[in-house]
Amino acid sequence: MKQILLVDDKASIGKVLSMYLGKEYDFVYCEDPLKAIDWLQEGNEPDLIISDIRMPKMTGSEFLHFLKSNELFKHIPVMMLSSEESTTERIRLLEEGAVDYILKPFNPMELKVRLKKFI
């Protein structure tokens, strides 16, 4: 089963995704990027990472930069989630290596279709 790492400071997002996609994917949830980095550095390698952008401790943008500048993790596709419609931010994150940018609230079925492109 393919594994997805979800990094979001709102546990409700993890519950929604697990409910809609949990039969097809193994979900790992971290409430902040620092915990996700620890998990990754323990030798875990998900097939895809979904990361919120606005989080305390470390932003999703900083997390994306960490992943894409690290030889061990730069090949993992990263989808960004945001509640803000910002064309500038969307373009910047896609240029920095994100494979997709999804607005919250999102349709779980649309997310499912997008996931299949990258896994």
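Residues numbered from 1 in each chain as written. Predicted model: local features only at pLDDT ≥ 70, side-chain atom pairs only at ≥ 80, totals over all residues. Heavy atoms only, no water.

Draft legend 1. Fine view of a nonpolar patch on the surface. On the surface, Val-16, Met-19, Tyr-20 and Met-109 cluster together into a nonpolar patch covering about 380 Å² of accessible area. Broken down by element, the residue count for the nonpolar patch peaks at three residues, all from helix α1 (residues 11-21). Inspection of the secondary structure puts Met-19 in helix α1. (Patch = residues over 30% accessible without salt bridge, like charges linked within 9 Å, V, L, I, M, F, W, Y side chains within 5 Å. Areas by Shrake-Rupley, 256 points an atom, 1.4 Å probe, with all protein chains shown as cover. Salt bridge = Lys/Arg side-chain N within 4 Å of Asp/Glu carboxyl O. Helix = DSSP H or I, 4+ residues; strand = E, 2+ residues; numbered from the N terminus.)

Draft legend 2. View of the pattern of salt bridges. Applying the stated criterion across every chain yields a total of 15 salt bridges. The salt bridge partner of Arg-54 is Glu-89, with a shortest N-O separation of 2.9 Å. Remark: Glu-89 occurs in helix α4 (residues 87-95) and Arg-54 occurs in the loop between β3 (48-52) and α3 (60-68); sequence separation between them is 35 residues. Taking the relative accessible area as the measure of exposure, Arg-54 reaches 38% and is therefore partly exposed. Judged by relative accessible area, Glu-89 falls into the buried class, the value being 8%. (Buried < 20%, exposed > 50% of the residue type's maximum accessible area, 1.4 Å probe, protein only.)

Draft legend 3. Representation of helix α5 (residues 108-118) within the structure. By the burial criterion, the buried members of α5 are Pro-108, Leu-111, Lys-112 and Leu-115. Taken end-on, α5 shows its buried residues confined to a sector of 105 degrees, consistent with a single buried face. Exposed residues lying more than 90 degrees from the buried face of α5 are Val-113 and Lys-117. At its buried positions, α5 is contacted by β1 (2-7), α1, β2 (25-30), β3, β4 (78-82) and β5 (100-103). Put simply, Asn-107 is the residue that caps the front of α5, since its side-chain oxygen is 2.7 Å from the backbone nitrogen of Met-109. (Arc of directions from axis to C-beta. Contact = heavy atoms within 4.5 Å. Polar contact = N/O pair within 3.5 Å; in protein donor to acceptor, adjacent residues only side chain to side chain.)

Draft legend 4. The UniProt feature "modified residue: 4-aspartylphosphate" (unreviewed entry) in the protein chain, seen in detail. If you check UniProt for "modified residue: 4-aspartylphosphate" (unreviewed entry), the listed places come out as Asp-52 in our numbering. On the secondary structure map, Asp-52 appears in strand β3. (UniProt positions renumbered as here; feature names shortened; annotations may be inferred.)

Draft legend 5. Spatial organisation of the UniProt feature "domain: Response regulatory" (unreviewed entry) in the protein chain. What UniProt calls "domain: Response regulatory" (unreviewed entry) maps, in this numbering, to residues 3-119. Helix makes up 42% of residues 3-119 and strand 21%, and the two end C-alpha atoms of the span are 9 Å apart.

Draft legend 6. How the structure looks around the nonpolar core. Leu-5, Leu-40, Ile-49, Phe-63, Leu-67 and Met-80 are the most contacted members of the largest nonpolar core, which has 23 residues in total. Breaking this core down by element, the ones donating at least two residues are β1, β2, α2 (33-41), α3 and β4. Once residues lying within four places of it in the same chain are set aside, the contact partners of Leu-67 are Leu-40, Ile-49, Phe-73, Lys-74 and Val-78. (Core = buried A, V, L, I, M, F, W, Y, C linked by side-chain atoms within 4.5 Å.)

Draft legend 7. Inspection of the pairing of β1 at higher detail. Burial of β1 is extensive: five of the six residues sit out of reach of the surface. Relative to β2, β1 runs parallel, the two being bridged by six bridges. By the bridge assignment, Lys-2 is partnered in β2 with Tyr-25. Taken together, the four bridges between β1 and β3 define a ladder with parallel strand orientation. Of the residues in β3, the one forming a bridge with Leu-6 is Ile-50. (Pairing = 2+ DSSP bridges.)

Draft legend 8. Region of interest: α3. Every buried residue of α3 is listed here: Gly-60, Ser-61, Phe-63, Leu-64, Phe-66 and Leu-67. Of the surrounding secondary structure, the elements contacted by the buried residues of α3 are β1, α2, β3, β4 and α4.

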